[in-house]
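# Summary of the model geometry
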Amino acid sequence: MDDEENEQPRRRFPFGCLIVLVILALVGFGGYKVSQFYAELDGQKTLGPTQTITVPEGSSVAGIATQLKDAGVIEYDWLFKQYVKYSGKAGEIQYGDFEVQSGMAYNDIIKALSVVTRRATVNVTIPEGTTAVGVAQIFVDAGLVDDVDTFLSCANGSDGTDWSKYDFWNAIPDNDRLMKCEGYLFPDTYNLYKDESVAYYVDALYGEFASKTAALADTVAAKGTSLDDVVKLASFIQEEAGLESEDAKVSACFHNRLESSDPQWAEHKLESNASSYIMKDSENNYLWNSPTAEYFGWPEQGAIPDDVLALYDTYAISGLPAGPISCPGYAAMEAALNP
């Protein structure tokens, strides 16, 4: 009984106080987040460095908000999206290049995105069958590149530019061809930005080549050939056919010469006048009378070097030459696969 009398009453844990503390913490945290949201929406006193973002034509508000977040301009892409939606300012946003800064108020960002400052562009057309030297000259004439050598050095990777991101580039045999880029500067019309790097222009052409020739991959594999051989043969078809409607027939002729069991073609020589000696100076020929021949100075030297003839003279060598003789179009490549 004495023990019971001396026992102190137990204190109950103040659960009510704990609940109050939790509520206060949540209210405090919520208030803190709300203040953060408001601070972002209303802008910061200190702005970050100016940066340029490019909004593609047709971009959604959600896509633009993601762009801004990824660039570090805003922190909450969902908040920007909702603000634009409920403020009714979505229609003000344009596409193009815009200068923005982190810490800008949402209204200022929207205003910046509504001032169109699109970069100047130029259309460049590369005809089918243009040689790599000819392509380089087109860019020089368009005022986009300083000289032919600069373009070709970049396109060939000899200036240190790495094109290994393209599978077709990695598959080009490492042989003694005159230029690795020959045949792969895809002929088309391009709308390109002015005042860009040479690599930007070459990449546009290589990107188009990779995109267009992706559809040929299965057929190339089924035929047991390589894309490089397809481009080589297509470059001759492009030169010899003249008309796209004749591509398949010219392809059949070349295939017969390369694959026939007829004793007449036992050496399987291509025998194309597009890459050999010529009878008249007026004849178009990769080695004798072309931008490539002029670039290397062969006509002025009086003779084409023997080592070049050993690689490209289709009357002297069997099979395909070391490399393409021009940049063929897609139709010629299709014909090379389907004579």
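All of the points below concern the structure found in this document. Since the model is a prediction, treat every value here as computed from it, not as a measurement.

About the thresholds
Residues numbered from 1 in each chain as written. Predicted model: local features only at pLDDT ≥ 70, side-chain atom pairs only at ≥ 80, totals over all residues. Heavy atoms only, no water. Patch = residues over 30% accessible without salt bridge, like charges linked within 9 Å, V, L, I, M, F, W, Y side chains within 5 Å. Areas by Shrake-Rupley, 256 points an atom, 1.4 Å probe, with all protein chains shown as cover. Salt bridge = Lys/Arg side-chain N within 4 Å of Asp/Glu carboxyl O. Lys, Arg positive; Asp, Glu negative; His and termini not counted. Charge placed at Lys NZ, Arg CZ, Asp CG, Glu CD. Helix = DSSP H or I, 4+ residues; strand = E, 2+ residues; numbered from the N terminus. Core = buried A, V, L, I, M, F, W, Y, C linked by side-chain atoms within 4.5 Å. Buried < 20%, exposed > 50% of the residue type's maximum accessible area, 1.4 Å probe, protein only. Contact = heavy atoms within 4.5 Å. Phe/Tyr/Trp six-rings, centres within 6.5 Å; stacked < 30°, edge-to-face > 60°. Polar contact = N/O pair within 3.5 Å; in protein donor to acceptor, adjacent residues only side chain to side chain.

Right, let's talk about a negative patch on the surface for a bit. Taken together, D174, D176, D306 and D307 make up a surface patch of like negative charges. Considering the arrangement of structural elements, one finds D307 in helix α15 (residues 306-312).

Let us now look at the nonpolar core. F139, F151, L152, L185, V202 and Y206 are the most contacted members of the largest nonpolar core, which has 62 residues in total. Of all the elements, helix α11 (residues 227-241) adds the most residues to this core, at seven residues. The contacts of L185, once residues within four sequence positions are left out, are A132, V135, F151, A155, V202, L205, Y206 and C327.

The next point concerns the pattern of salt bridges. Tallied over the full model, the rule gives nine salt bridges. A salt bridge links D228 to R177; the shortest N-O distance between them is 2.7 Å. One end of the pair, D228, is in helix α11; the other, R177, is in the loop between α8 (167-171) and β4 (189-193), and 51 residues separate them in sequence. Among the ionic pairs, D229 bridges to K232, the shortest N-O distance being 3.6 Å. Here D229 and its partner K232 are both found in helix α11, three residues apart, which amounts to about one turn of the helix. According to the relative accessible area criterion, D229 is partly exposed, its value standing at 28%.

Time to look at the packing of aromatic side chains. Following the criterion strictly, the structure yields 20 aromatic pairs and no others. Relative to Y201, the ring of Y200 lies with its centre 5.1 Å away and its plane at 70°, an arrangement referred to as edge-to-face. Residue Y200 is classed as partly exposed on the basis of its relative accessible area, which comes to 25%. When the ring of F236 is compared with that of F254, the centres are 6.5 Å apart and the planes differ by 80°; the resulting orientation is edge-to-face.

The next subject is the side chain of T213. Within the secondary structure layout, T213 lies in helix α9 (residues 198-213). We classify T213 as buried; its relative accessible area is 7%. In this structure the side chain of T213 is engaged in a polar contact, spanning 2.7 Å, whose partner is the backbone oxygen of F209.

A separate point is unusual backbone geometry. Of note in this structure, D195 is not a glycine but carries a positive phi near 55°. A relative accessible area of 79% places D195 in the exposed class. We note that H268 has phi near 50°; this positive angle belongs to a residue other than glycine. By secondary structure assignment, the location of H268 is in the loop between α12 (247-259) and α13 (291-296).

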